[in-house]
Amino acid sequence: MNVHVRSLVLAVVVVSTVLALTTFAIWFERKFAGRMQSRLGPTRVGPVGLLQPVADAFKLMQKESIRPANADWALFNLAPLLAAVCALGAAAVVPLAPGLAAADVDLGVLFVLAIGAVTVLPVFIAGWSSNNKFALLGGMRAIAQSISYEVPLLLAALVPIILSGSMNLSEIVRQQAEGHWIAVWPFFLGIPAFAIFLLAMLAESNRIPFDIPEAESELVAGVTTEYTGMKFALFYLAEYAHTLIASALGAALFLGGWDGPFGPGLHWLLLKTFVLFGSVYWVRWTLLRFRSDQLLRICWTWLVPAGVVLVMGAGAWVAWGPLP
Amino acid sequence: MQVQTITRRVDPHLAIDLYDPEAELLLLHFGPQHPSTHGVFRMDLYLDGEIVVKVVPYVGYLHRAVEKLCEKLTYAQITPVVDKNDYVAPMTNEQAINMAFEALLGIEVPRRARWIRTIFAEMQRIASHLLWLGTFALDMGGALGGGSTVFLHCFRERELILDLFEDVTGARFHYNTHTVGGNRHDIPAGWSAKVKAALDVIASRLPEYASMTLENRIFIERTRGVGILDGELALELGVTGPILRASGVDHDLRRDAPFHAYDEVKVNVVTRSAGDCLARAQVRLGEIEESIRLVRAMIDGIPEGIINAGRPIKQPAQFKIPAGQVYVGIETPRGELGTYVIADGTANAHRLKIRPPSLHALSALPHILPGATVSDAVVILGSLDPIMGEADR
Amino acid sequence: MAVTRRTVDDGSAFEHPLYKTLLNTPGLSVSVAPLDDLLTWGLTNSLWVFPMATSCCGIELMAAAAGRVDLDRMGTIVRGTPRQADVMVVAGTITVKMAPRVKLLWDQMPEPKWCIAMGSCAISGDFYRELYSVVPGVDTFLPVDVYVPGCPPNPEALMHGLLRLQEKVQLQRQGQKVVRDPNPALLAITKPSVPRLCDADRTAEMDAAQEESAATSTASEPRAPLHFDTPAAQAVDPDLQRLFAENGVKDFPREGPALVPAAQHLALARKLKAQGFRQLVSIVASHWPAGRGRKGADAEEPEHFEVAYLVRSVGSGTRVATWAVRLAPGESIASLVPVYAGADWQEREQYDLVGVPFADHPDLRRLMMAENYSGHPLRRDFAADTAAAPWR
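None of these values were measured; they are calculated from a predicted model.

Novice: Lay out the pairing of strand β2 (residues 42-48) of chain B in plain terms, naming residues and giving numbers.
Specialist: Residues and elements named next belong to chain B. Counting buried positions along β2 gives six out of seven residues, so the element sits mostly inside the fold. Where strand β1 (residues 26-30) lies against β2, five bridges are found, and the strand directions are antiparallel. Counted as the bridge partner of H29 is D44 from β2.

Novice: Lay out the side chain of B:T177 with the relevant residues and their values.
Specialist: With respect to the helices, strands and loops of the structure, B:T177 is situated in the loop between α6 (146-169) and β4 (178-179). In contact with B:T177, not counting residues within four places along its chain, are B:M91, B:E94, B:F120, B:T169, B:N183, B:R184 and B:H185.

Novice: Give me helix α10 (residues 229-254) of chain A: which residues, what numbers.
Specialist: All names here are of chain A. The first and last C-alpha atoms of α10 sit 38 Å apart over 26 residues, in line with the 38 Å expected at 1.5 Å per residue. Judged by how many residues are buried, α10 sits mostly within the fold: 23 of 26 residues are covered. One or two residues past the end of α10 sits G256, with phi positive at roughly 80°.

Novice: So what's going on with the interface of chain B and chain C? Residues and values would help.
Specialist: Reports of interface size often rely on the accessible area that becomes lost once the parts have come together. Opposite the 104 residues of chain B that make contact, chain C presents 113 residues. Both sides of the chain B and chain C interface together cover about 8900 Å² of buried area, and 60% of this is carbon and sulfur. Connecting chain B to chain C are ten salt bridges. Put simply, B:D344 and C:R292 hold a salt bridge, and the shortest N to O gap is 2.3 Å. Counting across the chain B and chain C interface gives 33 residue pairs in polar contact (both at pLDDT 80 or more). Among the elements that make up the side of chain B that touches chain C, the one with the highest residue count is α6(B) (nine residues).

Novice: Describe the interface of chain B and chain A, naming the residues involved and giving the relevant values.
Specialist: Facing the 39 residues of chain B at the interface are 27 residues of chain A. Taken together, the links from chain B to chain A amount to three salt bridges. Residue B:E50 pairs with A:R141 through a salt bridge whose shortest N-O separation is 2.4 Å. Linking chain B with chain A are twelve residue pairs in polar contact (both at pLDDT 80 or more). Residue assignment for the side of chain B that touches chain A shows that the elements contributing at least two residues are β1, α5 (111-141), α6, α8 (217-223) and α15 (374-383) of chain B. Per-class residue counts for the side of chain B that touches chain A are 18 nonpolar, 15 polar and six charged.

Novice: I'd like a rundown of the sheet that holds strand β11 (residues 304-312) of chain C, residues and numbers included.
Specialist: Residues and elements named next belong to chain C. Judged by pairing direction, the sheet is mixed, and its four strands sit side by side in the order β7-β12-β11-β8 without closing on themselves. Unpaired on one side and paired on the other, β7 (258-259) and β8 (279-288) mark the two borders of the sheet. Bridging between β8 and β11 involves nine bridges; their strand directions are antiparallel. When the bridges of β11 are listed, A285 appears paired with V307. On the sheet, helix α11 (residues 238-246) packs against β7 and β12 (320-327) and is oriented at approximately 45° with respect to β12.

Novice: With reference to specific residues and values, describe the packing of aromatic side chains.
Specialist: Residues and elements named next belong to chain A. All chains considered together, the criterion is met by 30 aromatic pairs over all chains. Both rings, one in Y227 and one in F235, keep their centres 5.0 Å apart while their planes meet at 65°; by these two values the pair is edge-to-face. In this pair, the class of Y227 matches that of F235, namely buried. Centroid distance Y236 to Y240: 5.3 Å. Interplanar angle 65°. Geometry classified as edge-to-face.

Novice: Describe the sheet that holds strand β8 (residues 349-355) of chain B, listing the residues and the values that go with them.
Specialist: Residues and elements named next belong to chain B. Pairing in this open sheet of three strands is antiparallel, and the strands run β6-β7-β8 from one edge to the other. Here the strands that pair on one side only, and so sit at the sheet edges, are β6 (324-332) and β8. Taken pair by pair, the neighbouring strands of this sheet meet at an average axis angle of 10°, ignoring direction. Taken together, the six bridges between strand β7 (residues 335-343) and β8 define a ladder with antiparallel strand orientation. Note on β8: the bridge partner recorded for V341 is L352.

Novice: Any chance you could break down the packing of helix α7 (residues 191-212) of chain B against helix α12 (residues 277-299) of chain B for me, citing the residues and the numbers?
Specialist: All names here are of chain B. Close contact between α7 and α12 brings their axes to 10 Å; oriented N to C, the two are set at 155°. Relative to α12, the element α7 lies roughly antiparallel. Remark: the crossing between α7 and α12 carries left-handed chirality. On α12, the residues that touch W191, S192, V195, K196, L199, D200, I202, A203 and L206 of α7 are I288, E289, I292, V295, R296 and I299.

Novice: Account for empty space enclosed by the protein, with residues named and values stated.
Specialist: Residue and element names in this part refer to chain A. With the rule as written, the count across this model stands at 13 cavities of 30 Å³ or more. In this structure, the second largest cavity encloses a volume near 310 Å³. Considering the residues around the second largest cavity, the lining is formed by 19 residues, among which T119, V123, N206, F235 and E239 are closest to the centre. For the lining of the second largest cavity, the element with the most residues is α10, which contributes four residues.

Novice: Got a sec to walk through the layout of surface pockets? Specific residues and values, please.
Specialist: Here the largest pocket defines a volume of roughly 680 Å³. Taken together, 24 residues make up the lining of the largest pocket; nearest its centre are A:N132, A:F134, B:H29, C:L105 and C:Q108. Considering only residue class, the lining of the largest pocket consists of nine nonpolar, ten polar and five charged. Of the volumes computed, that of the second largest pocket is approximately 510 Å³. For the second largest pocket, the lining is made up of 24 residues, of which C:V148, C:P149, C:G150, C:P153 and C:A157 are closest to its centre. For the lining of the second largest pocket, the elements supplying multiple residues, two or more each, are β5 (146-148) and α6 (155-173) of chain C. Per-element accounting of the lining of the second largest pocket gives the leading share, five residues, to α6(C). Grouping the amino acids of the lining of the second largest pocket by side-chain chemistry returns twelve nonpolar, five polar and seven charged.

Conventions used here
- Residues numbered from 1 in each chain as written.
- Chains lettered and ligands numbered in written order.
- Predicted model: local features only at pLDDT ≥ 70, side-chain atom pairs only at ≥ 80, totals over all residues.
- Heavy atoms only, no water.
- Buried < 20%, exposed > 50% of the residue type's maximum accessible area, 1.4 Å probe, protein only.
- Helix = DSSP H or I, 4+ residues; strand = E, 2+ residues; numbered from the N terminus.
- Pairing = 2+ DSSP bridges.
- Contact = heavy atoms within 4.5 Å.
- Expected span 1.5 Å × (residues − 1).
- Buried area = accessible area lost by both parts, 1.4 Å probe.
- Salt bridge = Lys/Arg side-chain N within 4 Å of Asp/Glu carboxyl O.
- Polar contact = N/O pair within 3.5 Å; in protein donor to acceptor, adjacent residues only side chain to side chain.
- Nonpolar A, V, L, I, M, F, W, Y, C, P; charged D, E, K, R; others polar.
- Axes fitted to C-alpha atoms, helices over the stretch in contact; angles between N-to-C directions.
- Phe/Tyr/Trp six-rings, centres within 6.5 Å; stacked < 30°, edge-to-face > 60°.
- Parallel < 35°, antiparallel > 145°, perpendicular 65-115°, else oblique.
- Left-handed = near helix turned anticlockwise from the far one by under 90°.
- 1 Å grid on protein atoms, 1.4 Å probe; cavity = no way out; pocket = protein on both sides within 12 Å on 5 of 7 lines; lining within 4 Å.
- Points joined across faces, edges and corners; volume = space filled by probe spheres on them.

Structure (structure tokens):
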């Protein structure tokens, strides 16, 4: 098969999978939150409320598109698009099953982290171009937060890269086959790195306790305050897709990706992704929110030094440690 | 972190030019419709980055002209109107206003009615503080996060108390159950058992709330040392209730100037000295426990007798109060709710002033907000527990 | 409730531009019907609420989102920003000062949008409707779709209102208009079908005992004296009497607070504060038209104002000290802000509502009414049933 056709088909498959999973994830989260709060969550639309996100999407599609007076229309319209593209773009290199990734590139991890770093851009563009002070404050907070948490995220991701000696995600997963997950051995490097990765991931995808750019009790709806209809839907989608892909990435980097008992497969990756995703929402619906200065203090005084130590540890393990 | 009570006075009237000669401040209109303003309260925040430099509060967006309405209505018609003032603890409004009329008329309320009023007041305190805890967590955790979990759990327990009141009065709130001289509704048979069952549920779940709030590291970090109000300033401002007690002033009208049947029970006053948002939360949660204790102690000992002195339940719609003036203050969940009545011998009051604890609490904002961040501003406002229906009247 | 469905083609039905485009595209108009159903299904099942919650009904709106009723079951979530909401639930009294903000927020909501008036205040203004500061119903300036009556309505009632709105949205999309016939069965229900618990447990003997006690005496068992802070009590309280006498007050009338000359009142406040009355309780200004005095009708009294000050001592054995200052119309009184910081807002409120000027107040603006309001509504000559200008 022509390599371009193959890539195109795979891209369509991956993007539609991610979109379908995101829809499911939104339903999952609403039911999950409902149960945590001793209520039911959606029940009336579709079986057990499964079609609720679909109904929301059709509703949002029909809403009027409003651009506030004096908003920068080009940037205002660009931001949601960019947010969705960034979130979905990262999915390209996530290895779903052996030999199944939209783009099996050698610098996969670098690509994901680079895309992740770009996601702050649409958030800030939205905050700046909305001509709304709440949105602007949200954008300012997002910049401070994302730039800080980029560092521990990178450091944590470096540990599996050093241990497996590759930046290709499929290769990293392949090396973890048959239970040699990085979180299992060497656990004294894998588990702390995984923890830092999870924390930084929460911060990168603006989830509680690090959701200060959104902070709806302070900033109404943060950067998305002025967005209506489909543009808001894109932000909403991007937010969930981002969390989902970050979960998948965590599963691939630390938990062996598609590997599992009774043979490898896509189902193992999905299971791990949703366990991680669920834990993100478990944290979200349990904890309160940090203040921005506390957030930055945690990053620079705890996570970054710990990440540096782990990276040095990983280097030492590869140089002098026993055979993997 | 060492907690210190500092005495810092800022001048709330200083012109903004004097704070910042270059005037590079961001003016943020916060409210009147904002998820965290607890109703329709507005404050203009002058921000330097995220730091609040000056705050100008505005009230009156819910000014419903209650005092004018009270001049127009007869005394017996006033009770259902004042119900709507403090809509989180409506019964305390009824009690405050009827006690003022009783004082002017010289009516002694029967002992059974006083006990029932005490129990109602304490149950209102539990319900009100639960709602406060929920909304306070909402301010800190957001509607899409852990805050809303605390919030919905608190509402679950609050419904238990509303059900009990519904049993007695037929209404979830706005009960109209107190009249001049006593109560309108006697408590039904088997009610005390239901009360005890509900209190057992609430008491068993209090540790759960504490684990999500008072014992939670994030909650402590967000509230400790934030919004410190010094006790002397609080007194001058007329701030009362849990906020005053959290600032180290041991003052509770239930114990110091007993009304209802508080002279027959021992009220343990919960105080803290830090004066910050954490102390206010601790005082309020402590008061829930104390109220549960009080209701449990009193529910079986309600004396037999009539529930309304002077007049039967079928009360005439009009009565006259002789010329005179009176001030009655009672301790509600938010502090001292006072009623000042000027009667001129007719069936209508000449002037009726309601002293709202929330308005006095809000007046502390210009003194304690400067220096905090926007995030803290939300927390500080929430810790004052303002009810705008009462503040604006 | 019976709903009569009639097709009324008055152009009021909502049509989305997408729908129109498809309808006008050759070859695609066939596919519009199922698509239209899909879009209607989306609109009906995802009504996001913007809570225009001002007062008591707002608490029930929150209770409706909580576990017992749970609006999320039908896909209704609460959004803090009007831009992402479909239904504005006006829950609570809307005042004249608030109404422009409500209109602004309504205008900020994207089409298609609906409005629910929750509670009697939002529907009609309730018993506040003729007063100077309250809007008699939000339908005077908003197109209300569903009215949920009650004071406040139960959460279940709000749920019912939202279900009715879903029905209405569907009919609107079909180009129909909802005309509701009154249901005689519902109208017949004027009393609760089950006896109320308080009625069930009352016996004739209890009523009789109550009537009898009412006829004979009001005295029950002896108890500690109540701490009502009447001026009469103040007049007989030796401690307070001594305090006031030390501070130059000699006359203690029983029908009102001791009157202090305007010149001495600031000094008196300072002394009282030094002697333990550290808490400012309240400031009450009252207006007395000509012919009205403290003892009722009094032909000799000219028009005047009285400002009463209440301060409290703290802790065990707390008591309130009260004094009043009598002012002629137009006369001002020294502000208490230098002594009690809390006098700031209190004096602003009394200046706003009663119109007593306070000299040397640092920031004497209106507190409750809008700053461009003229008049002082708590004066006795201000008619109680004068609604605000546009709604009169």
